[in-house]
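Read off the chains here:
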Amino acid sequence: MIPTRIGESQGQILEHLKRHGAGTIPEMAGDLGLSVETVRTHLKSLGSEGLVERRGRRRSGPGRPEIVYGLTDAAEALFPSQEGRLLQEFATFLHGEGQDDLVRDFFDRQAERRWSAVRERLEGLEGAARMGEVARILTEEGFMAEVDADPEGRELLRLCHCPMRSLVDATTAPCRSELRSVREMLGRHLVRVSYIPTGGTSCCYALKEAG
């Protein structure tokens with residue numbers, strides 16, 4: 001359940017917090033059969049990785065109130081999810097019901113909301129500065145974007161990960177929306193030169209000045 005890069009004891013702490021919602025160091029030490037110092041050390045490490053956060057304090061006995069710890073959103077993502085599979089099946093269902101237009105309309109609206117959300121970040125930026133900021137925005141959204149160039153000297157925007165891969169197997173609407181969003185953010189014409197669903201290692205776009 002927990003990635004192998006996380007040790008057994010740290011995994012136990014994460015699962016404990018998942019099952020109980022939150023916990024103090026003494027509570028986790030007692031329930032897991034670990035020393036207080038071991039739990040404290042693991043929590044410090046998990047906190048530095050952005051997986052555990054403080055949730056205030058509470059008193060469970062004599063003495064000072066204990067710090068309460070809980071999982072971050074990043075830690076929640078470590079646990080199994082059926083969302084990707086269900087979204088894929090839902091998109092397939094809509095396609096079977098002849099509702100492709102509805103799916104496209106949804107992603108078109110998503111593209112419009114995305115542009116509204118990032119417009120201010122791109123205002124006044126041109127050239128390499130704008131390209132770099134677009135790559136940062138897409139990376140924040142899970143696309144692992146990077147700026148590159150091909151042997152012909154064309155500027156490339158490479159998306160090394162598709163955070164909607166399962167959904168794309170059912171509909172290309174997210175890809176259409178992605179292309180539209182990148183075009184709007186850059187204000188430039190795009191030519192797709194590689195595509196993850198057809199075997200590419202990235203979704204890669206060559207950019208040209210709009211004309």
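Quick notes on the rules
- Every chain is numbered independently, its residues counted from 1 as its sequence is written.
- Confidence filtering applies because this is a predicted model: local features only for residues at pLDDT of at least 70, side-chain atom pairs given and counted only at 80 or more, and all residues used for totals across whole chains, interfaces and linings.
- Water and hydrogen atoms play no part in the side-chain values, which are based on all heavy atoms of the structure.
- We treat two strands as partners when DSSP finds at least two bridges between them.
- Helix and strand definitions follow DSSP, with helices as H or I runs of at least four residues and strands as E runs of at least two, each counted in order from the N terminus.
- Throughout, a residue-residue contact means that at least one pair of heavy atoms, one from each residue, lies within 4.5 Å.
- Lines fitted to C-alpha atoms define the axes here, with helix axes fitted over just the stretch in contact, and angles between the N-to-C directions of these axes take values from 0 to 180 degrees.
- One less than the number of residues in a helix, times 1.5 Å, gives the span that helix is expected to have.
- A simple rule labels every residue: compare its accessible area, found with a 1.4 Å probe on the protein chains alone, to the largest value its type can have, and call it buried under 20%, exposed over 50%, or partly exposed in between.
- Any angle from 65 to 115 degrees is called roughly perpendicular, while one under 35 is roughly parallel, one over 145 is roughly antiparallel, and all others are oblique.
- Less than a right angle of anticlockwise turn of the near helix away from the far helix marks a crossing as left-handed, whereas a clockwise turn marks it as right-handed.
- Here the nonpolar group is Ala, Val, Leu, Ile, Met, Phe, Trp, Tyr, Cys and Pro; Asp, Glu, Lys and Arg are the charged ones; every other residue, Gly included, is treated as polar.

**Considering the sheet that holds strand S1 (residues 23-24)**
As summarised here, the arrangement of the three strands in space is S1-S3-S2, forming an open sheet in which the pairing is antiparallel. Sheet topology places S1 and strand S2 (52-58) at the edges, where each strand pairs with a single neighbour. When S2 meets strand S3 (residues 66-71), the two strands line up antiparallel, connected through five bridges. Bridging across to S3, Arg57 finds its partner in Ile67. Strand contacts of helix H1 (residues 8-20): S1, S2 and S3, with the helix running at about 90° to S3, the strand carrying the most contacts.

**Focus: H1**
In an α-helix, one full turn covers 3.6 residues, which means residues spaced three or four apart are oriented alike. Across its 13 residues, H1 extends 18 Å between first and last C-alpha, which sits within 8% of the 18 Å expected from 1.5 Å per residue. The complete set of buried residues in H1 reads Gln10, Gly11, Ile13, Leu14, His16 and Leu17. Gly21 sits one or two residues past H1 and shows a positive phi near 85°.

**What to know about unusual backbone geometry**
Leaving glycine out, the prevailing phi sign among residues is negative, and the prevailing peptide bond configuration is trans. Phi is positive for Met144, which is not a glycine, with a value near 50°. Relative to the assigned elements, Met144 resides in the loop between helix H7 (127-140) and strand S4 (145-149).

**With respect to the packing of helix H6 (residues 100-122) against H7**
Here H6 crosses H7 at 140°, and the two axes come no closer than 11 Å. In terms of orientation, H6 and H7 fall into the oblique class. Crossing of H6 over H7 shows right-handed handedness. Between H6 and H7, the contacting residues are Arg114, Trp115, Val118, Arg121 and Leu122 on the first element and Arg130, Glu133, Val134, Arg136, Ile137, Leu138 and Glu140 on the second. Looking at side-chain class alone, the contact of H6 with H7 contains six nonpolar, no polar and six charged residues.

**A look at the environment of Glu184**
Here Glu184 shows up in helix H9 (residues 173-186). For the pair formed by Glu184 and Val147, sequence separation is 37 residues and the distance between their alpha carbons is 17 Å. Excluding residues that lie within four positions of it along the chain, Glu184 makes contacts with Ala111, Trp115 and Arg130.

**Let's talk about the packing of H7 against H9**
Here H7 crosses H9 at 145°, and the two axes come no closer than 10 Å. For the pair H7 and H9, the sense of crossing is right-handed. When H7 is examined against H9, the residues Arg130, Met131, Val134, Ile137 and Leu138 are found in contact with a partner set consisting of Val182, Glu184, Met185 and Leu186. Tallied by class, the residues present in the contact of H7 with H9 amount to seven nonpolar, no polar and two charged.

**Let's talk about the sheet that holds strand S7 (residues 203-208)**
Read from one edge of the open sheet, four strands run S4-S5-S7-S6, paired in antiparallel fashion. Edge strands, defined here as strands with exactly one partner in the open sheet, are S4 and strand S6 (189-194). Neighbouring strand axes in the sheet, compared pairwise and without regard to direction, differ in orientation by 30° on average. Two strands pair when backbone bridges link them, and S4 and strand S5 (residues 155-159) are joined in this way by five bridges, in the antiparallel orientation. Counterpart to Ala145 in the pairing with S5 is Leu159. Helix-sheet contacts for H7 involve S4, S5 and S7, and the interaxial angle to S5 is about 10°. The strands that H9 touches are S5, S6 and S7; relative to S6, the one it contacts most, it runs at about 135°.

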